[in-house]
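Coordinates in review
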Amino acid sequence: MKADLVISNIGQLVTCASGGKAKRGAQMHDIGEIKNAAVAISAGKILAAGPGDEIANSYDATDTHDAGRRAVCPGFVDPHTHIVFAGNRLDEFEQKIKGADYLEILASGGGIISTVRNTRGASVRELVSQTRPRLDKMLSTGTTTCEIKTGYGLDLETEMKMLEAIAESDRTHPVDVVPTFLGAHAVPPEFRENADAYVALICDHMLPQAWRWFTGSLFFGRVPFFCDVFCEKGAFSLQQSRRVLETAKTLGFSLKAHVDEFTNLGGSTMAIQLGSQSIDHLDAISDEEIRSLAGSGTVAIVTPTVNFNFGSSEFANARKLVDAGCALALSTDYNPGSAPCPSQPMAMAIACRYQKLLPAEAMNAATVNAAHSIGLGATHGSIEEGKWADLLILDTDDYRQLAYEFGGNLVSRVIKAGRDVTVPRER
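Glancing now at the overall build of the chain. Tallying secondary structure elements over the chain gives 16 helices and 16 strands in all. With respect to the three principal axes, the spread of C-alpha positions in the chain is 70 × 45 × 45 Å. Taken over 427 residues, the chain has a buried fraction of 58%. Contacts in the chain between residues at least 24 apart in sequence constitute 73% of all its contacts with a sequence separation of at least 6.

Below is the structure:
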């Protein structure tokens, strides 16, 4: 049988195979390891993954690559990012070191609002130009698929501009992108005294316009389009969040929700009841909500890079979520304020140390479960027949070193849809 490419001499193949479902409980310990393996690829997709001798005897390859006995794993999927923005938040970094917390900075006109001012003033071209090096950093550390949110416009014109920048980034960069509309990220200054009026603007005008844009975009029919909301003290109340998500669901959006990051407003229960694809952060989720989450199809996304960036010793209880049977995914939450981190291996390293995930659990959370959390579990996130051939060749013979070692980069080669897209390392 013909193959375009065979990657051979793989010492340890980590498939993260899941049989079409997100992993839960004891399944999180299983990385689908195959020793002395090979992978056959054709038309950008995986033909077969298995013992090297079997693949060699079954496939005649146009091209071959010798992995040199190293470990190979799926490309990472980052299911929660905010990387389309203008400017930076370096001043706030110093404020946080001095003791200011997130909500204090937000109340003083900083935080999200600071980035909103810069993003409103940028063109689509400028946003794409600033986003590309962020995607390069993610790709260089192994992320081959990511979700990107709007939410730094907070008006119709800029939110639509961000969607255009997201689409152009997807078109021109090797990383696959899933778009999310997050008009309900914060209350803009012009609506500071009337948040309900801003929610009405989102529901009556912004969401319908965004959905019309999506149906005419290259995303339509290929990936989901999500609507997200920040249900939190100082952002949007439970009632306001419900209105946004219910409106979005009626229009055809898939749903996500930022919930329980600082305070528990009941957002997890609300989002689960509405059939949200994921609920994200979960630092303050209750035991009752964890039980409800475990019995649902909603994926829990934790973002340990945020807590690390805040210098916090308190993290979402990922260990409890896994042990309760929740489907857990891991994300960098790459953004200019609370998590300026492009690296899923770094998120894995933090999660293992502070959230007590085993390396296998962190690997599954950053790949196959992360794919399920953005609606791409059938095509991305694991090395299985028929899925896109998104693979990483590592500079180690044991995948656990990705979480064990931090501060460097153990990703040697990045294969995206069967093509080498490795970002050249600066010398």
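So much for the structure itself; the text now carries on.
Here the focus is the pattern of salt bridges. Taken as a whole, this structure holds 20 salt bridges when the rule is applied. Among the ionic pairs, Asp176 bridges to Lys416, the shortest N-O distance being 2.7 Å. Of the two residues, Asp176 is situated in strand S8 (residues 176-184) and Lys416 in strand S15 (residues 411-416); the sequence distance between them amounts to 240 residues. If you follow the salt bridges from partner to partner, you end up with Arg120, Asp155 and Glu190 in one network.

For the α-helix, the turn length of 3.6 residues means that residues three or four positions removed from each other point alike. In a regular helix each residue adds 1.5 Å, so 17 residues correspond to 24 Å; helix H6 (residues 156-172) covers 24 Å between its end C-alpha atoms and thus fits that length. In the core, the buried residues of H6 are packed alongside helix H4 (112-120), helix H5 (124-140), strand S7 (143-149), S8 and helix H7 (195-215).

This brings us to the environment of Leu218. Turning to its location among the elements, Leu218 is positioned in the loop between H7 and strand S9 (226-231). Leu218 sits 51 residues away from Ala167 along the chain, and the two C-alpha atoms are 7.7 Å apart.

Taken N-terminus to C-terminus, the directions of helix H13 (residues 344-354) and helix H14 (residues 359-366) make an angle of 140°; their axes are 9 Å apart at the nearest point. Judged by the angle between their axes, H13 and H14 are oblique. Between H13 and H14 the crossing geometry is right-handed. For the pair formed by H13 and H14, the contact residues are Gln344, Met348 and Cys352 on the first element and Pro359, Ala362, Met363 and Ala366 on the second. Across the contact of H13 with H14, the residue classes break down as six nonpolar, one polar and no charged.

Our next topic: the side chain of Lys387. Residue placement: Lys387 occurs in the loop between helix H15 (368-373) and strand S14 (391-394). Accessibility expressed as a relative area gives 6% for Lys387, which makes it buried. Discounting chain neighbours no more than four positions away, the residues touching Lys387 are Lys45, Ile46, Val368, Gly377, Ala378, Thr379, His380 and Ser382.

Let us look at the side chain of His372. Along the chain, the position of His372 falls in helix H15. In terms of polar contacts, His372 uses its side chain to reach the backbone amide nitrogen of Ala22, at 3.5 Å.

Looking now at the packing of aromatic side chains. Applying the stated criterion to the full structure yields 13 aromatic pairs. Ring centres of Phe191 and Tyr198 lie 5.4 Å apart, and the angle between their planes is 45°; on these two criteria the pair is classed as tilted. The exposure class of Tyr198 is buried, given its relative accessible area of 0%. One aromatic cluster is present, formed by Trp211, Trp213, Phe214, Phe219, Phe220, Phe225 and Phe253 through successive ring pairs. Lying across the ring of Trp388, Lys45 places its NZ or CZ 4.8 Å from the centre.

Once that is clear, we can look at the pairing of S14. Successive side chains on a regular strand alternate, one facing one side of the sheet and the next facing the other. Going residue by residue along S14, you find Leu391 and Ile393 tucked away on one face and Leu392 and Leu394 tucked away on the opposite face as well. As paired strands, strand S5 (residues 71-74) and S14 are joined by three bridges and run antiparallel to one another. Across the sheet, Pro74 pairs through a bridge with Leu391, a residue of S14. Both S14 and S15 contribute to a ladder of four bridges, which runs antiparallel. In the sheet register, Ile393 faces S15, and the bridge partner there is Arg413.

Of all seven residues in S7, seven are buried; the element is thus mostly enclosed. As judged from the five bridges shared by S7 and S8, these two strands associate in the parallel manner. Note on S8: the bridge partner recorded for Thr145 is Asp176.

Below, the discussion takes up the sheet that holds S9. Pairing is parallel in the open sheet, where eight strands are placed in the order S6-S7-S8-S9-S10-S11-S12-S13. What marks the edges here is a single partner per strand, and that holds for strand S6 (76-78) and strand S13 (328-330). Recorded for the sheet is a direction-independent mean angle of 25° between the axes of neighbouring strands. The strands touched by H7 within the sheet are S8 and S9, with S8 carrying the most contacts at an inclination of about 150°.

What follows concerns the packing of H5 against H6. Where H5 meets H6, the axes come as close as 9 Å, and the angle between the chain directions of the two elements is 50°. Viewed along their axes, H5 and H6 adopt a mutual orientation that is oblique. With respect to the hand of their crossing, H5 and H6 are arranged in right-handed fashion. For the pair H5 and H6, the contacting residues are Val124, Leu127, Val128, Thr131, Arg132 and Leu135 in the first and Lys161, Met162, Glu164, Ala165, Glu168, Ser169 and Thr172 in the second. Across the contact of H5 with H6, the residue classes tally to six nonpolar, three polar and four charged.

Cut-offs and rules
Residues numbered from 1 in each chain as written. Predicted model: local features only at pLDDT ≥ 70, side-chain atom pairs only at ≥ 80, totals over all residues. Heavy atoms only, no water. Helix = DSSP H or I, 4+ residues; strand = E, 2+ residues; numbered from the N terminus. Buried < 20%, exposed > 50% of the residue type's maximum accessible area, 1.4 Å probe, protein only. Contact = heavy atoms within 4.5 Å. Salt bridge = Lys/Arg side-chain N within 4 Å of Asp/Glu carboxyl O. Expected span 1.5 Å × (residues − 1). Axes fitted to C-alpha atoms, helices over the stretch in contact; angles between N-to-C directions. Parallel < 35°, antiparallel > 145°, perpendicular 65-115°, else oblique. Left-handed = near helix turned anticlockwise from the far one by under 90°. Nonpolar A, V, L, I, M, F, W, Y, C, P; charged D, E, K, R; others polar. Polar contact = N/O pair within 3.5 Å; in protein donor to acceptor, adjacent residues only side chain to side chain. Phe/Tyr/Trp six-rings, centres within 6.5 Å; stacked < 30°, edge-to-face > 60°. Lys NZ or Arg CZ within 6 Å of the ring centre and 35° of its normal. Pairing = 2+ DSSP bridges.

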